[in-house]
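Chain by chain, the residues:
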Amino acid sequence: MIVDGRVLREDFVPSEVVHRHDEVNLLSEALEPLLYDERPDPAFLFGPTGVGKTCIARYTLAQLREQEPTVRVAYVNCWQEYTRFRVLYSILEAVDRAVDVHRSTPKDELFDRLSRADDGSIVVILDEVDQLEETSALYDLHRLPHVSPVLIANREEELFASFDDRVRSRFHAGTRVRFDRYGTAELAAILANRSEKALEPGVVTDAQLRTIADAASGDARVGLGILRSAARRAERQGLASITTSALEAAIPDARTAIRRKTVEGLIEHQRVLYDVIAEAGEIEPGDLYDVYEKRVEEPKTNRTLRNYLTKMVHYDLIEAVGERRGRTYRLVDENSEITGQDEESEIDPASDSR
DNA sequence: AATCCACTGGAAATCATGGCGC
DNA sequence: GCGCCATGATTTCCAGTGGATT
């Protein structure tokens, strides 16, 4: 049934794009100066999750490299690489200049190396730049004439608010490409395109693709997740095509899968906090600390917990209601992000702690 | 109105880890 | 193998904030 599972992964870069031609054109126009050895302005891609920003950036750069193979591309995800050091390091890694860099390497050595790696342009894709904690890294990149940044973020205002003045003024110019949510029909077309390559013919009907697209409400990542999960379910049951029941089972599954993945990424102490909050529904900080302390062998300090909590707020797992005194913590309400959904998909996070 | 108190989050100190040169 | 030393994680310390209490 599944011919090529990779095509359904969210990080797959298709060989042709569906419904994003305008965006591709805008971005490649912005990067065009690279073909004449000139430096383009920085490019920005803005839009909510699951609208193909990362995908389009990778696709466009792959195209560009076909025309101009000397251009090198470094992809950096700022969720993981959120310090100046790490950003510079992963760029060096991408252009093969990272050998024998170790932690004791002086700070500016990385920058020097990068500035010496000027035998050709480097396009740096900074995904989720709003997660970057040291925006001085952006200033560094701007100082290097052979480096062209492509910045990906959710919202323009929030991104610029996090910049310091130096960076803000440097990046004020630049091409902005905005991505809107996919409509149901558009998303269905994308899913159809992918399933042609990933699945045997006739495995999934157009009507089912529309159902998936509708349930995913414009988020391609969720849509692909549902399709993948449904296909796997059907395959496990030895069926030749996706049935309605397999599809229905896959919908709540995929909707929570992304969250579950982040919950699993938490370390033990963070998960205890998450569970306590989940069980209480809503809890005050003082009580939260008390319950936590009783529940683990070697409790971390209060201050460390506060670091964990801010991190979890950052990950959109929990939310803090109110400021300072009288603040309470609770889980982010899943149904508020996805409009008009049923109550069935609610999970009890306490039950998936192992 | 003054004081208390719970809470937040910045900064500096300390601990743990692991690669490197010798 | 041993000491050195960055880095990252955690802790310690503390100022700031604003609602609650007297």
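What you see is a predicted model; the values in this text were computed from it and never measured.

Would you take a moment to explain the pairing of strand β7 (residues 318-321) for this structure?
Regular strands have side chains that alternate between both faces of the sheet. Pairing between β7 and strand β8 (residues 328-331): four bridges, direction antiparallel. Looking at the pairing, V321 lines up with T328 of β8. Hairpin connection from β7 to β8: six residues lie between these consecutive antiparallel strands, with G322 at a positive phi of about 85°.

Can you walk me through helix α1 (residues 21-31) in this structure?
Three- or four-residue spacings in an α-helix give side chains the same orientation, since the helix completes a turn every 3.6 residues. Along α1, the positions that sit buried rather than exposed are E23, V24, L27, A30 and L31. Looking straight down α1, one finds its buried side chains confined to an arc of 130°; they lie on one side. Those residues of α1 that are exposed and aimed more than 90 degrees away from the buried face are D22 and E29. On its buried side, α1 packs onto β1 (43-46), α2 (53-67), β4 (147-153) and β5 (175-178).

Would you explain the confidence of the model for chain A in this entry?
For any part of a model where pLDDT is low, the fine detail of the predicted coordinates should not be relied upon. The predicted model of chain A averages 82 in pLDDT, with 90% of residues at 70 or higher. For chain A, helix α15 (residues 334-337) is the element with the lowest average pLDDT, namely 47, and β1 is the one with the highest, namely 94. Below pLDDT 50 for its whole length, residues 335-354 participates in 27 contacts with residues either more than four positions away or in separate chains.

Explain the environment of F85 here, please?
Locating F85 in the fold gives a position in helix α3 (residues 84-94). According to the relative accessible area criterion, F85 is partly exposed, its value standing at 30%. Between the C-alpha atoms of F85 and A137, which are 52 residues apart in sequence, the distance is 8.1 Å.

Explain the sheet that holds strand β2 (residues 72-77) here, please?
Backbone-to-backbone hydrogen bonds join strands into a sheet, with any given pair of strands oriented parallel or antiparallel. An order of β2-β3-β4-β1-β5 is seen for the five strands of this open sheet, with the pairing classed as parallel. The open sheet has two edge strands, β2 and β5, and neither has a second partner. Neighbour-to-neighbour, the strand axes of this sheet turn through a mean angle of 15°, independent of strand direction. By the bridge criterion, five bridges tie strand β3 (residues 122-127) to β4 in an arrangement that is parallel. Residue pairing for β4: I122 is matched across the bridge by V147. Against the sheet, α1 touches β1, β4 and β5, its axis set at about 165° to β5.

Looking at this model, I keep getting lost on the protein's contact with DNA strand B. Mind explaining?
Around DNA strand B, the surrounding shell holds eleven residues, and the nearest of these are Y289, R303, R306, R325 and Y329. Measuring from a phosphate oxygen of DNA strand B, one finds a backbone N or O atom of G286 at 3.1 Å. Y289 has a polar side-chain atom sitting 3.0 Å from a phosphate oxygen of DNA strand B. Split into classes, the residues belonging to the surface near DNA strand B amount to three nonpolar, three polar and five charged.

Where do I start with the packing of helix α8 (residues 184-198) against helix α10 (residues 220-236) in this structure?
Two measures define how a pair of helices packs: the angle their axes make with one another and the distance between the axes. In the contact formed by α8 and α10, the axes pass within 11 Å of each other and the chain directions differ by 45°. Here α8 is positioned oblique relative to α10, judged by the angle of their axes. In this structure, α8 meets α10 at a crossing whose hand is right-handed. Along the contact surface, α8 presents L187, L191, R194 and S195, while α10 presents A220, G223, L224 and L227. Partitioning the contact of α8 with α10 into residue classes produces five nonpolar, two polar and one charged.

How should the side chain of K53 be read in this particular structure?
Positionally, K53 belongs in helix α2. Although K53 is buried, it makes no salt bridge; D127 carries the closest opposite charge, 6.4 Å away. Discounting chain neighbours no more than four positions away, the residues touching K53 are L45, F46, G47, P48, I152, A153, N154 and F179.

Can you walk me through the environment of R210 in this structure?
The topology assignment puts R210 in helix α9 (residues 206-215). Judged by relative accessible area, R210 falls into the partly exposed class, the value being 47%. The sequence separation of R210 and A185 amounts to 25 residues, and the corresponding C-alpha distance is 7.0 Å. Apart from the residues lying within four places of it in its own chain, the contact partners of R210 are T184, A185 and A188.

I would appreciate a short explanation of the sheet that holds β7 in the present structure.
Pairing is antiparallel across the open sheet formed by three strands, whose spatial order is β6-β8-β7. Only two strands of the sheet have a single neighbouring strand rather than two, namely β6 (282-283) and β7.

How each quantity is defined
Residues numbered from 1 in each chain as written. Chains lettered and ligands numbered in written order. Predicted model: local features only at pLDDT ≥ 70, side-chain atom pairs only at ≥ 80, totals over all residues. Heavy atoms only, no water. Pairing = 2+ DSSP bridges. Helix = DSSP H or I, 4+ residues; strand = E, 2+ residues; numbered from the N terminus. Buried < 20%, exposed > 50% of the residue type's maximum accessible area, 1.4 Å probe, protein only. Arc of directions from axis to C-beta. Contact = heavy atoms within 4.5 Å. pLDDT = per-residue confidence, 0-100. Axes fitted to C-alpha atoms, helices over the stretch in contact; angles between N-to-C directions. Near = heavy atom within 4 Å. Polar contact = N/O pair within 3.5 Å; in protein donor to acceptor, adjacent residues only side chain to side chain. Nonpolar A, V, L, I, M, F, W, Y, C, P; charged D, E, K, R; others polar. Parallel < 35°, antiparallel > 145°, perpendicular 65-115°, else oblique. Left-handed = near helix turned anticlockwise from the far one by under 90°. Lys, Arg positive; Asp, Glu negative; His and termini not counted. Salt bridge = Lys/Arg side-chain N within 4 Å of Asp/Glu carboxyl O.

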